[in-house]
Amino acid sequence: MNKRSADDLYYFTRMLSGAEVRSRTVSLHLATKGWGMNDGFVMLSFQVSEKLDYVNKRALCITRIQESFPRSISSVYEETIVMVIRKQDYDILQPEERKKLDDLCDSYYLRCAISSYFDQFIDLHLCYEQNRMLLNLKLQNETQLLYWPDHYEDVLFASIDSSIDVVDLCYPKLIEIYRSDRNNRLELIECLYTYLICGRN
């Protein structure tokens, strides 16, 4: 690895960690790739299957990912292969790009989180956090491609569920109704729901 690419990865991983990096520094590094600060980006985070030998597989996966998306910035960060692409180079929502990504994940037993699009490269850490939450998400129907807008609600509910008891979000009167009549509590809740949905009529 030459000095320039080592420097590029240093600023990239610092940004992923949430450390402050001066805009001018980021702009200079991006300019070496012909990128601008506001080009429009998407982040892909790849997780290698636990079934495979991670250390040996990771090197091969990085090579294949970089071959599939040569106009990207990628690195390993916190046991995840993180890659940023520009929308103008790869529109990941187009069927042909999505198929290429799906085939790559199939071939190398990868799970991939896809952030929402972001205009400013300086927002890298926010997108990394989106993808980290997606990769930690346990879904009933496991899928290898997880697109942030498709799973935003799943992440939100999982976050609420893991940090607080859902009962804590309920209006106290609703809990009283629920507790008041054990035999008819579900019916009472459903009646209240219908009443509220119908505009209190």
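The structure under discussion appears in the preceding block.
Rules used throughout
Residues numbered from 1 in each chain as written. Predicted model: local features only at pLDDT ≥ 70, side-chain atom pairs only at ≥ 80, totals over all residues. Heavy atoms only, no water. Phe/Tyr/Trp six-rings, centres within 6.5 Å; stacked < 30°, edge-to-face > 60°. Helix = DSSP H or I, 4+ residues; strand = E, 2+ residues; numbered from the N terminus. Buried < 20%, exposed > 50% of the residue type's maximum accessible area, 1.4 Å probe, protein only. Expected span 1.5 Å × (residues − 1). Arc of directions from axis to C-beta. Pairing = 2+ DSSP bridges. Axes fitted to C-alpha atoms, helices over the stretch in contact; angles between N-to-C directions.

A. Summary view of the packing of aromatic side chains. Counted under the stated rule, the structure contains eight aromatic pairs. Each ring, one from W35 and one from F121, has its centre 6.5 Å from the other, and the planes form 65 degrees; the classification is edge-to-face. Of the two residues, W35 is situated in the loop between α2 (23–31) and β1 (41–48) and F121 in the loop between β4 (110–114) and α5 (124–136); the sequence distance between them amounts to 86 residues. Overall, the relative accessible area of 0% leaves F121 in the buried class.

B. Spatial organisation of unusual backbone geometry. Despite not being glycine, E78 shows a phi value in the positive range, around 50 degrees. Within the secondary structure, E78 sits in the loop between β2 (72–77) and β3 (80–86). Although it is not a glycine, Y109 adopts a positive phi angle of roughly 55 degrees. Within the secondary structure layout, Y109 lies in the loop between α4 (95–108) and β4. Using a relative accessible area of 52% as the deciding quantity, one classes Y109 as exposed.

C. Region of the structure containing α5. The first and last C-alpha atoms of α5 sit 19 Å apart over 13 residues, in line with the 18 Å expected at 1.5 Å per residue. Buried within α5 we find L124, C127, Y128, Q130, N131, L134 and L135. Across the axial projection of α5, the buried residues extend over an arc of 155 degrees, all falling on one side.

D. The pairing of β2, seen in detail. Burial runs high along β2: five of the six residues are buried. Following β2, the chain reverses through two residues before pairing antiparallel with β3; E78 in that reversal takes a positive phi of roughly 50 degrees.

E. Quick look at the sheet that holds β4. Within the open sheet, the five strands sit side by side as β2-β3-β1-β4-β5. Their pairing is mixed. Among the strands making up the open sheet, the edge pair consists of β2 and β5 (145–147). Each strand axis lies, on average, 20 degrees off the axis of its neighbour in the sheet, ignoring direction. Bridge count for β1 against β4 is five bridges, and the pairing is antiparallel. Note on β4: the bridge partner recorded for S45 is A113.

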